[in-house]
Amino acid sequence: MSAEDLECGTYAAYQRHIKRGERPDTKCRKAAAEYSRRRRQNPEVRRRQVAQDTARTRALSRLAKMHPAQYRVLYEEEWAITASRLDPDTAREQDQTPTPERGTTTT
Ligand SMILES: [Zn+2]
């Protein structure tokens, strides 16, 4: 079966949408969510994910300290995108740019 033949409603079809730059339909989004949910239940996957999240957070914190101005610009761009998905009241409450000094400590 080629990627072209995939029917919607599977994780593979979801990936095909992403690869094509398409917005996945509801069936494919549900399939991907279920795939991720099952995957996270695997203790080894979960342990590895926590370790990767820790490494990512620490690396971002170090990068922010190395390039604070660029970090602030990128953060504000990303915040504008993510805040627009929240309800307007929540977005206003949380609209504070964290400084690179806050958060995870680096050693
Ligand atoms: Zn689909």
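Residues numbered from 1 in each chain as written. Predicted model: local features only at pLDDT ≥ 70, side-chain atom pairs only at ≥ 80, totals over all residues.

Caption draft 1: A look at the overall build of the protein chain. In terms of regular secondary structure, the protein chain is built from five helices and zero strands. Written out in order from the N terminus, the α and β elements of the protein chain read α-α-α-α-α. Going through the 107 residues of the protein chain one by one, you find that 3% of them count as buried. Expressed as a percentage of contacts within the protein chain between residues at least 6 apart in sequence, the contacts between residues at least 24 apart total 30%. (Helix = DSSP H or I, 4+ residues; strand = E, 2+ residues; numbered from the N terminus. Buried ≥ 20, exposed ≤ 12 C-beta atoms within 10 Å, placed from the backbone. Contact = placed C-beta atoms within 7 Å.)

Caption draft 2: Structural view of the confidence of the model for the protein chain. Per-residue pLDDT for the protein chain has a mean of 86; in total, 78% of the residues score no lower than 70. Within the protein chain, the lowest mean pLDDT, 58, falls on helix α5 (residues 88–93), and the highest, 97, falls on helix α1 (residues 11–19). In the predicted structure, residues 102–107 sits below a pLDDT of 50 and forms eight contacts with residues beyond four places in sequence or in another chain. (pLDDT = per-residue confidence, 0-100.)

Caption draft 3: Spotlight on the packing of α1 against helix α2 (residues 26–40). Interhelical geometry of α1 versus α2 gives an angle of 115° and a closest axis separation of 8 Å. Crossing hand, α1 versus α2: left-handed. For the pair α1 and α2, the contacting residues are Y11, A13, Y14 and H17 in the first and C28, R29, A31, A32 and Y35 in the second. Within the contact of α1 with α2, the residues separate by chemical class into seven nonpolar, one polar and one charged. (Axes fitted to C-alpha atoms, helices over the stretch in contact; angles between N-to-C directions. Left-handed = near helix turned anticlockwise from the far one by under 90°. Nonpolar A, V, L, I, M, F, W, Y, C, P; charged D, E, K, R; others polar.)

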